[in-house]
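The lines below spell out each chain.
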Amino acid sequence: MRQRNRRQPRAAAGNESRDRWMITYADLITLLLIFFVILYAMSSLDSQKYAIVSGSLSDTFKSGSAVLEGGSGVLEGNQEITGTDVSKDHNEDSGTAGGPSAPGSVNANGGNGAGADNPATGQEGDGASHEPSARELAFREQEAKLAALMGVITQYVEENNLGEQIFVADKPQGIAITLSDRFLFDAGQAELKSPALPALRQLSGLFRGIGATISIEGHTDNVPVTPGSVYRDNWELSGARALSVLRFFLDKEGLSPATFQYAGYADTRPAYDNTTAEGKQRNRRVELIVLRQLQEKE
C-alpha cells in the first residue's frame, strides 16, 4: 500500500507536464486572432477621417502641397497660391480619373481627393496656401516702384534722344542711372552745364517720395588732371562733380538731404577699358543709384 501511494503523485505530475502544450497552443491561437483583427482594421481606411487628418497637418505646416500625399511639404511653403487657384486645381484633378495633383498645385482636401464628399474639409484646406510675410510684401512693393522708375526714365531718354548721354540699368544694388560727363560738365570742370538741367529736374521729380536712398557717385578715367587745375587730382574732381549734382537736388529742387549720399571714386572703379579713347570717355561719368533697401532671400 505504501508503494502504490508513492507512485500516484508521480503519475499526476506526468499528466500535468504533458498538458502544458495546450497553454502554448492557446496563446498562439490568441495572437493569430489579434494579428488578423489588426490586418482587417488596417485594410479598411476611413477616407473622411484620412482627409481631415491630412488637411489638419497641411494647415499646421502651412505648406504648398499635401503633407501625407507624397508632396514636398514644408520645402514648398514659399509657393503662393490663392484660394481660387486651389479650387480650380482641385476641380481639374477630380475630372482626370482621380489622378494626383500636378506639381506645384494644392489639393484643398488634404491631397487624396476624398474631400469632394465632405465640403467642410475643402474649406479647411484653403488655409494651407502660403501667405507672404511683411518682408516679402515690402520687397514686392519696392521692386514695383523700382521697375516703374526704370520704365519712366527709359521712356524719357528715348523721347528726348538722350541714349548716348543717359544709360539706365537694373543692377543688384539698385537702379543705376549713368550720366555722361560730356552731358553734365565741361572738360576738367565740376559746374553743371545748362543743357543738363532739364534732365536733372525730371529725375528730381521721380526721386521725390521714392522712399529709397540715392547714391551719387563720381568717376573719372585714369588721365591725371591738367596742371593749373583747381582740383589736385581725380579724387577731388570726381567728388566735386558728385557734389554738384547733389547740390542741385538739394538747393534747386528742395529734396530731402536724408535721401542722398555721395562719393568720388576717381579712376578706381572703371566700367570700361581705360586703354581706349572710347573706354575713357565712358568711364568719365556720374552714377545715380537708387539703392535697394531689401534684398531678395537666397
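Note: the structure precedes this text.
Residues numbered from 1 in each chain as written. Predicted model: local features only at pLDDT ≥ 70, side-chain atom pairs only at ≥ 80, totals over all residues. Heavy atoms only, no water.

> Looking at this structure, how should I read unusual backbone geometry?
Glycine aside, the phi torsion of most residues is negative, and most peptide linkages are trans. Located in the positive-phi region is Asn 161, a residue other than glycine, with phi close to 55 degrees. Assignment of secondary structure puts Asn 161 in the loop between helix 6 (134–159) and strand 1 (166–171). Within the chain, Ala 266 stands out as a residue other than glycine whose phi angle is a positive 55 degrees. With respect to the helices and strands, the residue Ala 266 is situated in the loop between strand 4 (260–264) and helix 10 (277–283). (Helix = DSSP H or I, 4+ residues; strand = E, 2+ residues; numbered from the N terminus.)

> What exactly am I supposed to notice about the packing of aromatic side chains here?
Aromatic rings in a pair are described by how distant their centres are and how their planes are angled relative to each other. Using the criterion set out here, one finds five aromatic pairs in the structure. Ring centres of Phe 35 and Phe 36 lie 5.6 Å apart, and the angle between their planes is 70 degrees; this geometry places the pair in the edge-to-face category. According to the relative accessible area criterion, Phe 35 is partly exposed, its value standing at 43%. Among the aromatic side chains, those forming a connected cluster through ring pairs are Phe 207, Phe 248, Phe 249 and Phe 260. Geometry around Tyr 265 places Arg 269 over its ring, the cationic atom sitting 3.8 Å from the centre. Seen from the ring of Tyr 272, Arg 282 lies directly overhead, with NZ or CZ sitting 5.1 Å from the centre. (Phe/Tyr/Trp six-rings, centres within 6.5 Å; stacked < 30°, edge-to-face > 60°. Buried < 20%, exposed > 50% of the residue type's maximum accessible area, 1.4 Å probe, protein only. Lys NZ or Arg CZ within 6 Å of the ring centre and 35° of its normal.)

> Sorry, what's going on with a nonpolar patch on the surface here?
Where nonpolar side chains cluster on the molecular surface, the patch consists of Trp 21, Met 22, Tyr 25, Leu 28, Ile 29, Leu 32, Phe 35, Phe 36 and Leu 39 and spans about 940 Å² of accessible area. Topologically, Phe 36 is positioned in helix 2 (residues 21–43). Note on Phe 36: relative accessible area 53%, which makes it exposed. (Patch = residues over 30% accessible without salt bridge, like charges linked within 9 Å, V, L, I, M, F, W, Y side chains within 5 Å. Areas by Shrake-Rupley, 256 points an atom, 1.4 Å probe, with all protein chains shown as cover. Salt bridge = Lys/Arg side-chain N within 4 Å of Asp/Glu carboxyl O.)

> Even after reading the chapter, I still don't get the sheet that holds strand 5 (residues 285–291), so can you show me in this structure?
The pairing of strands in a sheet comes from backbone hydrogen bonds and takes either a parallel or an antiparallel form. One open sheet accounts for five strands, arranged 1-2-5-3-4; its pairing is mixed. Looking along the sheet, the strands with just one partner apiece sit at the ends: strand 1 and strand 4. On average, adjacent strands in this sheet sit at an angle of 20 degrees to one another, irrespective of strand direction. Sheet analysis places strand 3 (residues 214–219) next to strand 4, joined by five bridges and oriented parallel. Note that in strand 4 the partner of Gly 218 across the bridge is Gly 264. The strands that helix 9 (residues 234–252) touches are strand 3, strand 4 and strand 5; relative to strand 4, the one it contacts most, it runs at about 160 degrees. (Pairing = 2+ DSSP bridges. Axes fitted to C-alpha atoms, helices over the stretch in contact; angles between N-to-C directions. Contact = heavy atoms within 4.5 Å.)

> Just checking my understanding: could you explain the nonpolar core for this structure?
Soluble globular proteins tend to pack their nonpolar side chains together in the buried interior. Core analysis: the biggest nonpolar cluster contains 33 residues, and Phe 207, Phe 249 and Leu 288 have the highest contact counts within it. Among the elements of the structure, helix 6, strand 2 (174–180), helix 7 (181–184), helix 8 (197–207), strand 3, helix 9 and strand 5 are those that each provide at least two residues to this core. Per-element accounting of this core gives the leading share, six residues, to helix 9. Non-local contacts of Phe 249, meaning those with residues more than four positions away in its chain, are made with Leu 200, Leu 203, Ser 204, Phe 207, Ile 216, Gly 254, Leu 255, Phe 260 and Leu 288. (Core = buried A, V, L, I, M, F, W, Y, C linked by side-chain atoms within 4.5 Å.)

> Is there a simple way to think about helix 6 in this case?
Along an α-helix, residues three or four apart share an orientation, since each turn contains 3.6 residues. Compared with an ideal rise of 1.5 Å per residue, which puts 26 residues at 38 Å, helix 6 spans 38 Å between its outermost C-alpha atoms and is within 8% of the ideal. Taken from the residues just after helix 6, Asn 161 is the one with a positive phi, measuring 55 degrees. (Expected span 1.5 Å × (residues − 1).)

> What is the right way to read the packing of helix 6 against helix 8 from this model?
Helix-helix packing is characterised by the crossing angle of the two axes and by the distance between the axes. Running from amino to carboxyl end, helix 6 crosses helix 8 at an angle of 160 degrees, the nearest separation of the two axes being 11 Å. As far as their axial angle goes, helix 8 and helix 6 are roughly antiparallel. Handedness of the crossing formed by helix 6 with helix 8: right-handed. Between helix 6 and helix 8, the contacting residues are Leu 149, Val 152, Ile 153 and Tyr 156 on the first element and Pro 198, Ala 199, Gln 202, Leu 203 and Leu 206 on the second. (Parallel < 35°, antiparallel > 145°, perpendicular 65-115°, else oblique. Left-handed = near helix turned anticlockwise from the far one by under 90°.)

> Teacher, can you tell me more about the pattern of salt bridges here?
As a working rule, side chains carrying opposite charge can pair if their charged atoms are close by. Enumeration over the complete set of coordinates arrives at eleven salt bridges. A salt bridge links Lys 145 to Glu 141, with the shortest nitrogen-to-oxygen separation between them at 4.0 Å. Separated by four residues within a single helix, Lys 145 and Glu 141 lie in helix 6, roughly one turn from each other. Under the relative-accessibility criterion, Lys 145 is labelled partly exposed at 38%. For Glu 141, a relative accessible area of 48% gives the class partly exposed. The salt bridge partner of Asp 221 is Arg 284, with a shortest N-O separation of 2.5 Å. Highlighted residues: Asp 221 in the loop between strand 3 and helix 9 and Arg 284 in the loop between helix 10 and strand 5, separated in sequence by 63 residues. Taking relative accessible area as the criterion, Arg 284 reaches 24% and is therefore assigned partly exposed. One connected set of salt bridges, linked through shared partners, spans Asp 181, Asp 221, Arg 241 and Arg 284.

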